[in-house]
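The lines below spell out each chain.
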Amino acid sequence: FLPHLVASLEQVEETYIMVKPDGVQRGLVGEIISRFERKGFKLTGLKLFQCPQELAEEHYKDLKSKPFFPKLIEYITSGPVLCMAWEGVGVVASARKLIGSTNPLQAEPGTIRGDLAVQTGRNVVHGSDSPENGKREIALWFKEGELCQWIPAQAPWLNGVI
Ligand code: IDP
Ligand code: MG
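Model, not experiment: these values are computed from the prediction.

**Q** Would you take a moment to explain unusual backbone geometry for this structure?
**A** Most peptide bonds take the trans form, and the phi angle of most residues other than glycine is negative. Within the chain, V124 stands out as a residue other than glycine whose phi angle is a positive 55°. Looking at the secondary structure, you find V124 in the loop between α6 (112–116) and β4 (125–127).

As structure tokens, this is what we get:
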């Protein structure tokens, strides 16, 4: 690994980003990938996937007691999702900012939800809420051979070492 090409190895985080079934059906996959790509994060995993019931329940297990839980599971399993793993310094919190508030009507313009959605129950995208959950969710949604480690050609330009 070429350490001078990354900002600081120990600060590098991973986050699980997912375009939910409404985002896929509405043709927003390219738009959503672009926002993370243009920001400068590194894509390390990508697949279109029909989520089984058990995986949806495991992913959202912290929300099991919520009244909307059954509807949430129905929503997430209602069609294919786009699963993504993204890597970068501060990527977890930054991705949450790019995504915007859970309720799209409260999400700031310029955010994905603020620009592209109107309903909490159809808010087009998921993003991990902590570095720990980023790791947990990537391990849940991807098999090991589905992830790629690589050094983007733009890395030194992004990180300012040239
Ligand atoms: P987040 O996606 O912004 O992290 P969470 O509170 O973790 O929001 O909730 C997970 C998902 O559950 C939300 O993105 C949304 O799809 C759904 N959800 C959350 N609260 C409600 C609600 O009050 N009604 C319906 N669906 C909800
Ligand atoms: Mg959440």
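**Q** Can you walk me through the sheet that holds β4 in this structure?
**A** By way of backbone hydrogen bonds, the strands of a sheet pair with one another, either parallel or antiparallel. Spatial ordering of the open sheet is given by β2-β3-β1-β4, a layout of four strands whose pairing is antiparallel. A strand with exactly one partner marks an edge of an open sheet, and here the two such strands are β2 (42–49) and β4. Averaged over all adjacent pairs, the angle separating strand axes in this sheet is 15°, with direction ignored. Here β2 runs beside strand β3 (residues 81–89); their pairing, made up of seven bridges, is antiparallel. Bridge pairing links L46 to M84 in β3. Along the sheet, helix α5 (residues 91–99) makes contact with β1 (12–19), β3 and β4, crossing β1 at roughly 30°. Helix-sheet contacts for helix α7 (residues 131–141) involve β1, β2, β3 and β4, and the interaxial angle to β1 is about 55°.

**Q** I keep staring at the pattern of salt bridges and nothing clicks. Help me out?
**A** Charged atoms that come close allow side chains of opposite charge to pair. In this structure the tally under the stated criterion is six salt bridges. Across the pair R35 and E31 runs a salt bridge, and its minimum N-O distance is 2.8 Å. Highlighted residues: R35 and E31, both in helix α2 (residues 29–39), separated by four residues, approximately one helical turn. When the shortest N-O distance is used, the salt bridge between E87 and K42 registers 3.3 Å. Of this pair, E87 sits in strand β3 while K42 sits in strand β2, and the two are 45 residues apart along the sequence.

**Q** In this structure, what is going on with the packing of aromatic side chains? I would like to understand it.
**A** How two aromatic rings sit relative to each other is given by the distance of their centres and the angle of their planes. Across all of its chains, the model carries four aromatic pairs by this definition. Here the aromatic residues Y16, F49, W141 and F142 are joined through ring pairs into a cluster of three or more.

Conventions adopted
- Residues numbered from 1 in each chain as written.
- Chains lettered and ligands numbered in written order.
- Predicted model: local features only at pLDDT ≥ 70, side-chain atom pairs only at ≥ 80, totals over all residues.
- Heavy atoms only, no water.
- Helix = DSSP H or I, 4+ residues; strand = E, 2+ residues; numbered from the N terminus.
- Pairing = 2+ DSSP bridges.
- Axes fitted to C-alpha atoms, helices over the stretch in contact; angles between N-to-C directions.
- Contact = heavy atoms within 4.5 Å.
- Salt bridge = Lys/Arg side-chain N within 4 Å of Asp/Glu carboxyl O.
- Phe/Tyr/Trp six-rings, centres within 6.5 Å; stacked < 30°, edge-to-face > 60°.

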